[in-house]
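Descriptive structure summary
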Amino acid sequence: MSLDRLDLSSPVARLGFGLAAVGRPGYINLGRDRDLPSPRTVEALRERSYELLDAAYAAGVRYADAARSYGRAEEFLAGWLDSRDVPDMVIGSKWGYTYTGGWRVDAEVHETKDHSLAVYERQLGETRQLLGERLDLYQIHSLTVESPALADTALHRRLAELAAAGVTVGFSSSGPRQADAIDAALRIEVDAVPLFRSVQATWNLLEPSAGRALAAARAAGCEVIVKEAMANGRLAVRSPDLKVLAEVAAETGASQDAVALAAVLHQPWSGIVLSGAATTDQLASNLAAAGLRLTEDQLSRLAALAEPADEYWKHRSTLHWS
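Residues numbered from 1 in each chain as written. Predicted model: local features only at pLDDT ≥ 70, side-chain atom pairs only at ≥ 80, totals over all residues. Heavy atoms only, no water.

**Considering unusual backbone geometry**
For the bond from Ser38 to Pro39, the omega torsion is 0 degrees, close enough to zero to count as cis. Notably, Trp103 is not glycine yet its phi reads approximately 55 degrees, a positive angle. The backbone phi angle of Ala231 is positive, close to 55 degrees, even though this residue is not glycine. Residue position: Ala231 is located in the loop between strand E11 (223-227) and helix H8 (243-252). (Helix = DSSP H or I, 4+ residues; strand = E, 2+ residues; numbered from the N terminus.)

**Here we look at the pattern of salt bridges**
Across all of its chains, the model carries 26 salt bridges by this definition. Between Arg122 and Glu126 there is a salt bridge, with its nearest N and O atoms 3.3 Å apart. Of this pair, Arg122 and Glu126 both sit in helix H4 (residues 117-131), four residues apart, roughly one helical turn. Judged by relative accessible area, Arg122 falls into the partly exposed class, the value being 38%. Connected through shared salt-bridge partners, Glu43, Arg46, Arg72 and Glu75 make up one network. (Salt bridge = Lys/Arg side-chain N within 4 Å of Asp/Glu carboxyl O. Buried < 20%, exposed > 50% of the residue type's maximum accessible area, 1.4 Å probe, protein only.)

**Digging into the environment of Gly60**
In this fold, Gly60 is placed in the loop between helix H2 (42-59) and strand E2 (63-65). For the pair Gly60 and Pro11, spaced 49 residues apart in sequence, the C-alpha separation works out to 8.9 Å. Residues contacting Gly60, with those up to four places away along its chain left out, are Val12 and Ala13. (Contact = heavy atoms within 4.5 Å.)

**Some points on the side chain of Asp65**
For Asp65, the location among the structural elements is in strand E2. Owing to a relative accessible area of 2%, Asp65 belongs among the buried residues under this scheme. For Asp65, the contacting residues outside a window of four places in its chain are Phe17, Gly18, Leu19, Tyr70, Gly92, Lys94, Gln139, Gln200 and Leu274.

**Quick word on helix H7 (residues 211-219)**
Among all positions of H7, only Gly211, Ala213, Leu214 and Ala217 are buried. On an axial view of H7, the arc spanned by its buried residues comes to 160 degrees, and they lie on one face. Check the buried side of H7 and you find it contacts helix H6 (178-186), strand E10 (198-202) and E11. Backbone geometry just after H7 places Gly221 at a positive phi near 95 degrees. (Arc of directions from axis to C-beta.)

**Considering the packing of aromatic side chains**
Pairs of aromatic rings are described using the distance from one ring centre to the other and the angle between the two planes. Per the stated rule, a full pass over the model turns up eight aromatic pairs. Consider the rings of Tyr57 and Trp80, whose centres lie 6.3 Å apart with planes at 65 degrees: the pair is edge-to-face. In this pair, Tyr57 is assigned in helix H2 and Trp80 in helix H3 (residues 73-83), connecting sequence segments 23 residues apart. According to the relative accessible area criterion, Tyr57 is buried, its value standing at 18%. For the ring pair Phe171 and Phe196, a centre distance of 5.0 Å and an interplane angle of 75 degrees mean the geometry is edge-to-face. Residue Phe171 is located in strand E7 (residues 168-173), and its partner Phe196 is located in the loop between strand E9 (193-194) and E10; the two are separated by 25 residues in the primary sequence. Residue Phe171 is classed as buried on the basis of its relative accessible area, which comes to 0%. Given the relative accessible area of 3%, Phe196 is considered buried. Taken together, the aromatic side chains of Trp95, Tyr120 and Tyr138 make up a single cluster linked through ring pairs. Of note, Arg62 hangs over the ring of Tyr57, and the distance from its end group to the ring centre comes to 3.6 Å. (Phe/Tyr/Trp six-rings, centres within 6.5 Å; stacked < 30°, edge-to-face > 60°. Lys NZ or Arg CZ within 6 Å of the ring centre and 35° of its normal.)

What follows is the structure, encoded as structure tokens:
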């Protein structure tokens, strides 16, 4: 199966659900002490994942996003798929990071990165063991300009074989040079055929620097998936620095998070925008973005929130796993 199965004709279907925040006990999103069950056992987070997936599906969400490094996210997603009648749910996952946190919030190292062919083959096998033929999209996790995956022709050929078998092949990007990484990846071809048909990137009101490259990706026929649209929770909190976001929220009668997500949905190149909600209330608030229409004036005012990319990613690197 492939990402082509996804029907984005419904506004809410343009919102996907990402399991980064609930597939493992520790992550860098703000407010986790308030949002997650205590204690954060495997079974407690499995139950929370199922609850969120049920609510998302009932609301019309049809894309779920996981990764090998999201703790037990693939396992939780596979169990939910096996126990529900949801044949139209489209599933994406990622390889390239290995979870090393041992189900501890205070782990010294939570994940390790390796974009080698050997890791791809190992992790594809692990993903297939859990998700089987339900895998529609497989992505290189956090591709950067420094990644050896950009020049590894043996890896490219193996990825092309996966694409030929019907799975959409894509990548996610990260860091202040996302646009450069996207540009470089989109130039990769195997037998004169573009390798990547999906791009997942960070884009939010604080960090919009990848917008130009994402527009080019969309123009080249790639699906565009936006992650971290809430800036790891920064855009959901009240702050003097976010005064204009609060003002637009008051004008529309919506929550700050809905406005922040709606701003992404309004970008002409955006396809799927991920919610990383950890509670059903957060999810419902996020999904309200699908019905929110922002004016050009409001979008222009919100654009003033943008930070220099280097500054944004420097701040993100200081967020603690909690």
